Amino acid sequence: MAERIGLNTIILHGKPKISAYAAVGGSMEGDGQLKGKFARIFDDDTLGQDSWEKAESFLQQAAAQETLNIAGLEPKEIDLHFAGDLLGQCSASAFSARSLSIPFVGLYGACSTMALSIAIAAMSLESGFAQKALAGTSSHYCAAEKQFRQPLEYGGQRPPTAQWTATAAGACLLEEGTGQPAAGVPCVSQVHFGKLVDLGVVDANNMGAAMAPAAADTIGGFLRDTQSIVGDYDLILTGDLGSVGSDLLRQLLLNDWGVDLSDRHNDCGNMLYRADEANEINAGASGCGASAAVLCGDILSRMARAELKRVFFVGTGALLSCVSPLQGESIPAVAHGILLESR
Amino acid sequence: MTSPENYKKMVEEASPNSKLAANTIKAFLIGGLVCILGELFYMLLRRLGLPEEQVRMLVPVTLIGIAVVLTALGIYDKIARHAGAGTIVPITGFANAVASPAMEFQSEGRILGTGANIFKMAGPVIVFGVGSAVVYGVVYWLLEVRF
């Protein structure tokens, strides 16, 4: 059974395992730093659909389907499906879940959704409420621009702090664990849900700065609860603060918690696109799909090969709405951490 | 713990600024090019013997046409990424601001999609443009009546 330690950390003694995972993406993502690591790449942004919203649903469905194919399972064999996305009313997830017919729980954690969905799926398995659960998320550059910013073809300039919403989706299949990390199969051994943190950033074009305090609070709180140090982890992976937010995270952790991330930190926002795309990408990748692609396309398989053994994955989400910045509200952010282990 | 005030300073230091000098020069050059293009059309149409009044209407219509075609082909936003105000301020920017939401919201249908959203970007320009024209008109009228 699960056990709560410190203020906010939950230990999952059963260690639910992530037995299958897959990432899918658009052409720009497929040609970036994760080239060759996607289960499927869609060269056409529309994915053959007649709206960006449908394209994103299709993307998320493709990630879920690829994951089920890898696991060799039918949708009816899955007990619960946790998913979320950025579109209004989590529509990309709900519409993609239509065809799967798995009991569905929609989640909203903005860009933290990959970590959030895995955390809740892992807790469901730990408590015995499910034997197999699917966790997934997606984002689509065009659908996100349409909803949150400007029409695609509008001729505006993006500030250097802006991030680029990834066209990508990821899904993980979680199964009951055996209490020990199995060889070649990453497992979820601890979960740390973050608090809402808001240090007053109002600039919706600087999400990294808005989310860094939440990430620092979750990483600092987790290390305190578990009485561990940065050196105990092969990687502390945040997603997705981008270059500006990563810089601020290091400063906040050092100033407020006395924690030096040294060389153990990386951020999904800096791991997706190529550096020579910097002109358009600005401060890095963002969107639910960015951390989903990095985790499901790269990190989990590196853990399966035991290149990485202990990874604290921290999904960060900026929980603003389309109208809140216009009403002068600052941006509340949240960061959910999961400790992934392999052997 | 870092206070919001201190964090604001940290964010300012960590956030790179826009390249003001380079952006200004590019906006000046590309915006200037748009104006030269307008001037060239003006000279060409005058040389074809069209009356001044028609030419004054045809030049902006031509520039609007070009901007809408470039928007539809997905080229306008790529130029604008460099040009900034250089492509927003001329009449081409207004054309782009009307054409881009018209394209974007096609998926919601002709009336509640394109129709309802076509002035999403240009709406504020129209509202405040018409508003300031009214104020200007009132001032002009008062001056004319008074003096």
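That block above? That's the structure.
Residues numbered from 1 in each chain as written. Chains lettered and ligands numbered in written order. Predicted model: local features only at pLDDT ≥ 70, side-chain atom pairs only at ≥ 80, totals over all residues. Heavy atoms only, no water.

Draft legend 1. Representation of the state of the cysteines within the structure. All names here are of chain A. One pass over the structure, following the stated rule, counts zero disulfides over all chains. Here Cys 268 is not disulfide-linked; the sulfur of Cys 296 is the nearest cysteine sulfur, at 10.0 Å. Cys 268 sits in the buried class, given a relative accessible area of 0%. Considering cysteine sulfurs only, Cys 172 is the nearest to Cys 296, which forms no disulfide, with 3.7 Å between them. (Disulfide = S-S within 2.5 Å. Buried < 20%, exposed > 50% of the residue type's maximum accessible area, 1.4 Å probe, protein only.)

Draft legend 2. Examining the nonpolar core more closely. Residues and elements named next belong to chain A. Membership of the largest hydrophobic core comes to 57 residues, with the highest contact counts inside it found for Ile 118, Leu 174, Val 188, Leu 237, Ile 299 and Leu 340. The biggest single contributor to this core is helix α9 (residues 288–304), with nine residues. Residues Val 201, Ala 216, Val 244 and Leu 320 belong to the second largest nonpolar core, which totals 38 residues. (Core = buried A, V, L, I, M, F, W, Y, C linked by side-chain atoms within 4.5 Å. Helix = DSSP H or I, 4+ residues; strand = E, 2+ residues; numbered from the N terminus.)

Draft legend 3. Focus on unusual backbone geometry. All names here are of chain A. Of the consecutive residues Gly 239 and Asp 240, the connecting peptide bond is found in the cis state with omega at 0°. Relative to the helices and strands, Asp 240 resides in the loop between β11 (235–239) and α7 (242–257). The phi dihedral of Cys 90 falls on the positive side, at around 50°, and the residue is not glycine. Mapped onto the elements, Cys 90 comes out in the loop between β5 (80–85) and α3 (91–97). Its relative accessible area of 11% is what places Cys 90 among the buried residues. Look at Ala 306: it is not a glycine, yet its phi comes out positive at around 65°.

Draft legend 4. Inspection of the packing of aromatic side chains at higher detail. All names here are of chain A. Per the counting criterion, the structure on display carries six aromatic pairs over all chains. Seen in terms of ring centroids, Tyr 141 and Trp 164 are 3.9 Å apart; in terms of plane orientation they differ by 5°. Their pairing is stacked. Residue Tyr 141 is located in helix α5 (residues 141–148), and its partner Trp 164 is located in strand β8 (residues 164–165); the two are separated by 23 residues in the primary sequence. A single burial state applies to Tyr 141 and to Trp 164, both of which are buried. For the pair Tyr 233 and Phe 312, a centre-to-centre distance of 6.4 Å together with 40° between the ring planes defines the contact as tilted. With a gap of 79 residues between them, Tyr 233 in the loop between α6 (207–226) and β11 and Phe 312 in strand β14 (residues 310–318) connect regions that are remote in the sequence. (Phe/Tyr/Trp six-rings, centres within 6.5 Å; stacked < 30°, edge-to-face > 60°.)

Function-wise, these values are silent; they only describe arrangement.
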